[in-house]
Amino acid sequence: MKIKNMVQNLTFKMLLSGGVTFFICAGLWATFNVVYLQEFILRSIKSDIITLSDTVLLGLDCATLHDFEEDIKQIIAFSPHKNIKAIRLLDKKGRIAYSSKSEEVGTVMANSAESCRKCHDQNPPPTTLSQEDRSRVLQSKDAIIVGTVTPIPNREGCYDQSCHAHSKDEQLLGILDMEVSTEIKGTVLREFEQANMLISFLVFLATFLVLFLNYHILIFKPIRRLIQATKDICAGGNYSDISIRQADEIGVLAESYNDMCRKVAEKETLLVAQREEYRNLFQNVPCLLSVVDRNYNVIRHNTKYEDHFGGNIQGRRCYEINKGLTERCPVCPVEKTFLYDSPHVSEEFGLSKEGKTIHWIVYTAPVKDTEGNTVAAMEMMLDITARKELEFKLAASELFYHSIFEAIPSALFVLNTANLSIMNCNDAVLRMYGYKPEELLNKPFTSLFKEDEREYWTRNLRTTHEINQTSQITKDGRSIFVSMRISLSTFETYEVLIVSCSDITKRLEAEQQFIHASKMTTLGEMATGVAHELNQPLTILKSISGFLARKVGKGHYIDSEMLEEISQSISTHVDRAGKIISHMREFGRKSELKTMPVQINDVIRRGFEFFSQQLNVRNISVEWRLQEDLPLIIAEPNRLEQVIINLLINARDAIEERWNGKEVKNGEKTITIETESSGAFVTTRICDTGFGVPSNMSEKIFEPFFTTKDVGKGTGLGLSISYGIIQDYNGTITAENRETSGACFTITFPVADEKNCLWMDDRCVCSRADFDGRETNQKEDKPEERNKEDHA
């Protein structure tokens, strides 16, 4: 047991790992030193033996050159150093000619011998070798033998003497072979190895002891104090700070331990407070809370639960307490919680103590033990009786408002503001458009417009609250006129447009009949003036025809210049009469309902031209104040001309009523016509010098059948019709009295722009040139239709 504890001890593990690591490092270092010294000594011996060999070869050079055989033998046999084991001199055939070992003289060394292999492995053998190639190492019983071979090359002193038998072509004359023992240096190496190992062991032992003391004092003792303090806290002891005065990780660990213990104590205090708080919350939560075990027994409950079901709860089953049943509920959320191990929600109802029906939402959630097994279920019951009553009322209210929505005689649409798709519509769309409501759902509302006007109305539906008049297409392809009221509302989380559409086709037809009747009345009133206008060109034509008849009857010659002048005069007056008749015919024709860009100055001049004779015969002068280059407005020219003529008729009658039978000075019977533009509006004023509008009637004069004229002198429809026409084109008309005398009617229209232009023939008509070109093309391209209208 003690050995096991020691093995598990942190200090032992650190010493063992550090000692083993340092021991291996020290061993490797000592081995490296010995191996390096061995290599160094071996290289030194090789260098020394090569130097010695070169020295011997120099001594032999003179003896061999003069063929002093005794000198050669003495040099070979001389061994001044006990480490020189052998000196051999071989001829070029490998025979040992001289040797320090006499028994070797005369023997031949094979090419595969250790001393010969370096050269004879190459073909041809080289005359010189490197230091490494010249050396060899032989192992003997006592020491390492290092041998070296030195080639004796053929040189000029050898082959140019007559006493020598060597030719100039021979490169090698022989080999000098020497062997040297390393016994002395080996002894030095062994002594170095022993000293090196001893030093390494002493360094290892000293380091190990220092590590042990450091580990024990700086690590082991503080850790033991920390462990003991931790065990004391786990055993329920009081916390006390540990004082370890070390400026290292152990000191930081001790300080962290002290901080941790302080925070744990604080957390424990907070946890106790929170536990008490949660217990109070469980008891005081404003709903019925209970904990049910797997046998459906109520094992815990809150105060609200006990107050609601009484005090006899403990040990009873939940279905007995909640509903007074003897068996489990057919649909039980507690059972589902146990079965699926997950929360469940259900809605249930029962009777209160007073016998009133009450409704609950029941939430159940699993209660798990420390091992994660569900051992009980928490049941929370929320009283939703008031909400259920509101739901019943809401359902009845929705049914009521849905009935109103369906019963409204106008077609109602609920549109998505993003794409103007139809989200809902009432049954009136079937009567008005021929579509069943389900046929229009999710379709774009603009599909009910004409194809060339859809882009225009897509822009305007989002920016306006009221559309007085527009045309739409029914399911069977009929074109109807509708007025729209648009309001922005919010449905759930997004905005919608509520559009109410009323069919005004019959109303417009009736208005057109009223306007046409008014035109006929106006034409009847102006018959005298028109007759006078026609009488002038007819009188001139009659005079010309009489003149020609007299000339022809008397046989007088008429020259060509006079005939040309007469023909031009006839043509001019015929054109004048035709223009008057064409204007009457166009004015008397029913107006179209389609609008276009209009220059209001042209409409005023055209209407005045038709009405001017009425003013001339009554000596009423006209003062013109027209601003040139007015912006265009959107209207229908024929209907707008009717408005101008109605206002001129009213101005004429007002002047006649005031100045009838009185002496009139110059300028007292005057009508002023003025136009101007200001920003986005064009304004027209028609003022007279009559009595003016009575102050108490300024708001009634535009009502239908209201007139200030005597009985039989007015229908009361002129200003009412004018008011309706102006409103159709988004304009306004007001009446006020002038400072001097008379009334002034002011008409204001918005300037035509890219947004309120209408599309015609796949193009937007936005300029006077476009309108003039279209009007001219209609008159020139369809004369037969004009003739048909004239005959009608």
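Since this is a predicted model, take the numbers as computed values, not measurements.

Now for the overall build of the protein chain. Counting its secondary structure elements, the protein chain contains 23 helices and 24 strands. Split into buried and exposed, the 792 residues of the protein chain put 37% on the buried side. For the protein chain, the share of sequence-separated contacts (at least 6 apart) that also reach a separation of at least 24 residues comes to 56%.

As enumerated under the stated definition, the model contains one disulfide in all. Between Cys687 and Cys744 runs a disulfide, and the two sulfur atoms are separated by 2.2 Å. Residue Cys687 is located in strand 20 (residues 681-687), and its partner Cys744 is located in strand 22 (residues 743-750); the two are separated by 57 residues in the primary sequence. Taken as a pair, Cys687 and Cys744 share a single burial class, namely buried. There is no disulfide at Cys329, and the cysteine sulfur nearest it, in Cys332, is 5.5 Å away. A residue is classified by how much of its surface remains accessible, and Cys329, at 11% relative accessible area, is buried.

Judged by nonpolar contacts, the single largest core of 42 residues is most densely connected at Ile600, Leu640, Leu647, Leu648, Ile671, Phe745 and Phe749. Listed in part, the 25 residues of the second largest apolar core include Phe413, Tyr433, Phe449 and Met484.

A few words on a negative patch on the surface. Taken together, the side chains of Asp559, Glu561, Glu564 and Glu565 make up a negatively charged region of the molecular surface. If you trace the backbone, Asp559 turns up in the loop between helix 17 (527-554) and helix 18 (560-588). We classify Asp559 as partly exposed; its relative accessible area is 33%.

Before going further, it helps to examine the sheet that holds strand 21 (residues 732-737). Ordered by their spatial adjacency, five strands build an open sheet running 17-19-20-22-21, and the pairing between neighbours is mixed. Each of the sheet's edge strands pairs with one partner strand only, and the pair in question is strand 17 (621-625) and strand 21. Ignoring strand direction, the axes of neighbouring strands in this sheet form an average angle of 15°. Here seven bridges tie strand 20 to strand 22, and the two strands are oriented antiparallel to one another. Along strand 22, the bridge assignment pairs Thr684 with Ile747. The sheet contacts of helix 20 (residues 637-659) involve strand 19 (670-678), strand 20, strand 21 and strand 22, and relative to strand 19 the element is tilted by about 140°.

Before going further, it helps to spend a moment on the packing of aromatic side chains. Applying the stated rule across the entire model yields seven aromatic pairs. Between Phe445 and Phe449 the ring centres are 5.8 Å apart and the planes differ by 85°, which places this aromatic pair in the edge-to-face class. We classify Phe449 as buried; its relative accessible area is 1%. Here the aromatic residues Phe413, Tyr433, Phe445, Phe449, Tyr456 and Trp457 are joined through ring pairs into a cluster of three or more.

Before going further, it helps to spend a moment on the sheet that holds strand 11 (residues 411-416). Sheet strands pair via backbone hydrogen bonds, and the direction of the pair is either parallel or antiparallel. With antiparallel pairing, the five strands of this open sheet are ordered in space as 12-11-15-14-13. One side of each edge strand has no neighbouring strand; the edge strands of this open sheet are strand 12 (422-425) and strand 13 (466-473). Neighbour to neighbour, the strand axes of the sheet diverge by 35° on average, direction disregarded. Relative to strand 14 (residues 479-491), strand 13 runs antiparallel, the two sharing six bridges.

Turning our attention to the environment of Phe192. Examined against the element boundaries, Phe192 turns out to sit in helix 7 (residues 183-234). Here Phe192 falls in the partly exposed class, since its relative accessible area comes to 32%. Sequence-distant contacts of Phe192, that is, excluding residues within four places in its chain, are made with Asn33, Val34 and Leu37.

Moving on: helix 15 (residues 454-461). When helix 15 is considered as a whole, its buried residues turn out to be Tyr456, Trp457, Asn460 and Leu461. One side of helix 15 carries all its buried residues, which in axial view fall inside an arc of 120°.

Turning to the pattern of salt bridges, a few remarks are in order. The full count for this structure, using the stated rule, is 19 salt bridges. One salt bridge in this structure joins Lys388 and Glu347, with 2.8 Å as the shortest N-O distance. Here Lys388, found in helix 12 (residues 385-407), pairs with Glu347, found in strand 8 (residues 344-351); they are 41 residues apart in sequence, far enough to count as distant. For Glu347, a relative accessible area of 42% gives the class partly exposed. Across the pair Glu623 and Arg625 runs a salt bridge, and its minimum N-O distance is 2.7 Å. Using a relative accessible area of 32% as the deciding quantity, one classes Glu623 as partly exposed. What makes Arg625 partly exposed here is its relative accessible area of 43%. Each of the salt bridges in this network shares a partner with another, and the network as a whole consists of Glu347, Arg387, Lys388 and Glu391.

One non-glycine residue, Asp341, lies in the positive phi region at around 55°. Along the chain, Asp341 turns up in the loop between helix 11 (333-340) and strand 8. Even without glycine at this site, Asp629 takes up a positive phi of about 55°. One can find Asp629 in the loop between strand 17 and strand 18 (633-635).

The next subject is the confidence of the model for the protein chain. The predicted model of the protein chain averages 75 in pLDDT, with 74% of residues at 70 or higher. Model confidence for the protein chain, summarised as mean pLDDT per element, is weakest for helix 23 (residues 783-791) at 35 and strongest for strand 20 at 94. Note that residues 710-717 has pLDDT below 50 and, in this model, ten contacts with residues that lie over four places away or in other chains.

A surface patch of nonpolar side chains, about 490 Å² in accessible area, is lined by Leu16, Val20, Phe23, Ile24 and Leu28. Looking at where Leu16 falls in the secondary structure, it is placed in helix 2 (residues 10-66).

This part covers the side chain of Glu636. Within the secondary structure, Glu636 sits in the loop between strand 18 and helix 20. Although Glu636 lies buried, it forms no salt bridge, and the closest oppositely charged side chain, Arg639, sits 5.4 Å away as judged by the N-O distance. Only 2.8 Å separates the side chain of Glu636 from the backbone nitrogen of Arg639, close enough to count as a polar contact.

Moving on, we get to the environment of Arg507. Examined against the element boundaries, Arg507 turns out to sit in helix 16 (residues 505-525). Once the C-alpha coordinates of Arg507 and Val482 are considered, the two residues, 25 residues apart in sequence, prove to be 10.0 Å apart.

Note that Thr470 resides in strand 13. As a C-alpha pair, Thr470 and Ser483 span 13 residues in sequence and 6.5 Å in three-dimensional space. Dropping the residues within four chain positions of it, Thr470 is found in contact with Phe449, Trp457, Ile480, Phe481, Val482 and Met484.

Parameters at a glance
- Residues numbered from 1 in each chain as written.
- Predicted model: local features only at pLDDT ≥ 70, side-chain atom pairs only at ≥ 80, totals over all residues.
- Heavy atoms only, no water.
- Helix = DSSP H or I, 4+ residues; strand = E, 2+ residues; numbered from the N terminus.
- Buried < 20%, exposed > 50% of the residue type's maximum accessible area, 1.4 Å probe, protein only.
- Contact = heavy atoms within 4.5 Å.
- Disulfide = S-S within 2.5 Å.
- Core = buried A, V, L, I, M, F, W, Y, C linked by side-chain atoms within 4.5 Å.
- Patch = residues over 30% accessible without salt bridge, like charges linked within 9 Å, V, L, I, M, F, W, Y side chains within 5 Å.
- Areas by Shrake-Rupley, 256 points an atom, 1.4 Å probe, with all protein chains shown as cover.
- Salt bridge = Lys/Arg side-chain N within 4 Å of Asp/Glu carboxyl O.
- Lys, Arg positive; Asp, Glu negative; His and termini not counted.
- Charge placed at Lys NZ, Arg CZ, Asp CG, Glu CD.
- Pairing = 2+ DSSP bridges.
- Axes fitted to C-alpha atoms, helices over the stretch in contact; angles between N-to-C directions.
- Phe/Tyr/Trp six-rings, centres within 6.5 Å; stacked < 30°, edge-to-face > 60°.
- Arc of directions from axis to C-beta.
- pLDDT = per-residue confidence, 0-100.
- Polar contact = N/O pair within 3.5 Å; in protein donor to acceptor, adjacent residues only side chain to side chain.

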